[in-house]
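Here are the chains, one letter per residue:
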Amino acid sequence: MTLLDGKSLSLQIQDTLQSIITKLPSAPKLVVLLVGDDPASHAYVGMKAKACERVGIVGEVLRFSHDVEESEILAHIERLNRDTSVHGLLVQLPLPSHINTTKILESISPHKDVDGFHPLNVGRIQCNTQIDRAFAPATPLGVMRLLEHYHIDVKGKNVAIIGASNIVGKPLAALMNNACATTSLCHIHTKDISTYTRAADIICVGVGKPNLIGADMVQEGAIVIDIGINRLESGALVGDVEFEAVAPKCSFITPVPGGVGPMTIASLLENTLKAYRLLESSATP
Ligand code: NAD
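Residues numbered from 1 in each chain as written. Predicted model: local features only at pLDDT ≥ 70, side-chain atom pairs only at ≥ 80, totals over all residues. Heavy atoms only, no water.

## Concerning the side chain of Lys29
Okay, so step 1: Within the secondary structure, Lys29 sits in strand β2 (residues 29–35).
Okay, so step 2: A distance of 3.0 Å separates the side chain of Lys29 from the side chain of Glu60, its partner in a polar contact.
Okay, so step 3: Beyond its immediate stretch of four places on either side in the chain, Lys29 contacts Ile57, Val58, Glu60, Ser85, Val86, His87, Gly88 and Thr272. (Helix = DSSP H or I, 4+ residues; strand = E, 2+ residues; numbered from the N terminus. Polar contact = N/O pair within 3.5 Å; in protein donor to acceptor, adjacent residues only side chain to side chain. Contact = heavy atoms within 4.5 Å.)

## As for the pattern of salt bridges
Okay, so step 1: In this structure the tally under the stated criterion is five salt bridges.
Okay, so step 2: Between Arg54 and Asp15 there is a salt bridge whose closest N-O contact spans 3.3 Å. Of the two residues, Arg54 is situated in helix α2 (residues 39–55) and Asp15 in helix α1 (residues 6–21); the sequence distance between them amounts to 39 residues.
Okay, so step 3: On the basis of relative accessibility, which here comes to 37%, the residue Arg54 falls in the partly exposed class.
Okay, so step 4: In this structure, Arg145 engages Glu270 in a salt bridge whose closest nitrogen and oxygen atoms are separated by 2.9 Å. In this pair, Arg145 sits in helix α6 (residues 138–149) while Glu270 sits in helix α10 (residues 260–280), placing the two residues 125 residues apart along the sequence. (Salt bridge = Lys/Arg side-chain N within 4 Å of Asp/Glu carboxyl O. Buried < 20%, exposed > 50% of the residue type's maximum accessible area, 1.4 Å probe, protein only.)

## Things to note about the sheet that holds strand β7 (residues 202–205)
Okay, so step 1: Overall, parallel pairing links the six strands, which are arranged β1-β11-β8-β7-β5-β6 in an open sheet. Looking along the sheet, the strands with just one partner apiece sit at the ends: β1 (2–3) and β6 (182–186).
Okay, so step 2: For β7 and strand β8 (residues 222–226), the ladder comprises four bridges, and the chain directions are parallel. Its bridge partner being in β8, Ile202 is matched across the sheet by Ile223. (Pairing = 2+ DSSP bridges.)

## Observations regarding α10
Okay, so step 1: Across its 21 residues, α10 extends 30 Å between first and last C-alpha, which sits within 8% of the 30 Å expected from 1.5 Å per residue.
Okay, so step 2: The element α10 is largely enclosed, with a buried count of 15 among its 21 residues. (Expected span 1.5 Å × (residues − 1).)

## Side note on the site of the ligand
Okay, so step 1: Neighbouring the ligand are 19 residues, the closest being Ala164, Ser165, Ile188, Ile229 and Thr264.
Okay, so step 2: Taking Ala164, its main chain carries an N or O atom lying 2.7 Å from an oxygen atom of the ligand.
Okay, so step 3: Here an oxygen atom of the ligand and a backbone polar atom of Ile188 are 3.0 Å apart.
Okay, so step 4: If the ligand stood free it would expose 860 Å²; the protein chains cover 72% of that surface.
Okay, so step 5: Top element by residues in the shell around the ligand is α10. It accounts for three residues.
Okay, so step 6: When the residues that make up the shell around the ligand are grouped by side-chain class, the tally is nine nonpolar, nine polar and one charged. (Near = heavy atom within 4 Å. Areas by Shrake-Rupley, 256 points an atom, 1.4 Å probe, with all protein chains shown as cover. Nonpolar A, V, L, I, M, F, W, Y, C, P; charged D, E, K, R; others polar.)

## Section: the domain arrangement of the protein
Okay, so step 1: Per the domain assignment, the segments making up the protein are domain 1 (26–109) and domain 2 (138–261).
Okay, so step 2: Between the C-alpha centres of domain 1 and domain 2 the distance comes to 28 Å. (Domains from an automatic or database assignment.)

## Description of the sheet that holds strand β4 (residues 88–91)
Okay, so step 1: Pairing is parallel in the open sheet, where three strands are placed in the order β3-β2-β4. The sheet is open, and its two edges are formed by β3 (58–64) and β4, each paired on a single side. Pairs of neighbouring strands in the sheet enclose a mean axial angle of 15 degrees, with direction left out of account.
Okay, so step 2: Sheet topology places β2 next to β3; seven bridges connect them, and they run parallel. Opposite Val31, over in β3, you have Glu60 as the bridge partner. (Axes fitted to C-alpha atoms, helices over the stretch in contact; angles between N-to-C directions.)

## Brief notes about the packing of α1 against α10
Two numbers describe a pair of packed helices, the interaxial angle and the distance between the axes.
Okay, so step 1: Between α1 and α10, whose axes approach to 8 Å, the crossing angle comes to 20 degrees. Between α1 and α10, the interaxial angle falls into the category roughly parallel. Considering only the axes of α1 and α10, their crossing is left-handed. Together, Gly6, Lys7, Leu9, Ser10, Ile13, Gln14, Leu17, Ile20 and Ile21 of α1 and Pro262, Met263, Ile265, Ala266, Leu269, Glu270, Leu273 and Arg277 of α10 make up the contact between the two elements.
Okay, so step 2: Classifying every residue of the contact of α1 with α10 by side-chain character gives 11 nonpolar, three polar and three charged. (Parallel < 35°, antiparallel > 145°, perpendicular 65-115°, else oblique. Left-handed = near helix turned anticlockwise from the far one by under 90°.)

Written out as structure tokens, the structure reads:
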């Protein structure tokens, strides 16, 4: 069994990015809009800001109170869309319930949408067209990058994806399909997820339930990608896979922490550099 070490690959990618960015005529800039006091959101934004600093991207965080008006957020996005010094723009989710998340995400310029949530980017990833100008969400992108690094070719493989959110499962299914895998996308209403996981060469799980995937659900030699992040009462951070029991059956498995999480950060930084290059060369369609 080999551990898929996302932490060291992420640092390696960040070193490469740093050496590229120092040679650019100006620094790429990423602006993050953070609404409310959710501790997890604050922690994620803190990690993103730190990683930006590490590679030489200017990271700016705009903070808003939880009762901010939707129109105020929209006005800021409109301004940032027009600001030519800004290359990447994202709104940390989740947003408070009085704010229409879809409306906010659709107001972000697709050319600065480094989270890949705008329908133009979603459509391009889904259709596998204009990929060099499209942004895929950072977590699925990070999963694909991790597999690629370990020379795991998904072409022709049976891939079971558990969790079908717009952030994780759905875009991951699109990227897997684009790479010629045979993909099953499972969710809360799937009758028996073990039917899919037992038949899978690669299992990717991003649900948010500790121990959802046990050893009896995994075939010998499977590759297991644990995207889940769960904070236990003890304070420990775990994924969705019963790691101790499942790992011995796997050919490859990601740890939590140190697997997909750091790859998400690396992919966000890569998307920001991509946005910079496209915007600075005015190559946006
Ligand atoms: P979400 O709540 O939006 O979606 C959860 C998905 O899981 C849904 O499709 C739901 O139908 C499915 N689901 C729920 N219970 C299920 C069950 N018992 N069996 C099968 N499917 C079930 O969550 P999300 O934003 O996609 O996040 C999912 C997990 O991934 C969370 O733990 C989150 O913290 C983690 N996450 C990790 C990263 C990372 O960088 N590693 C990034 C984003 C999210």
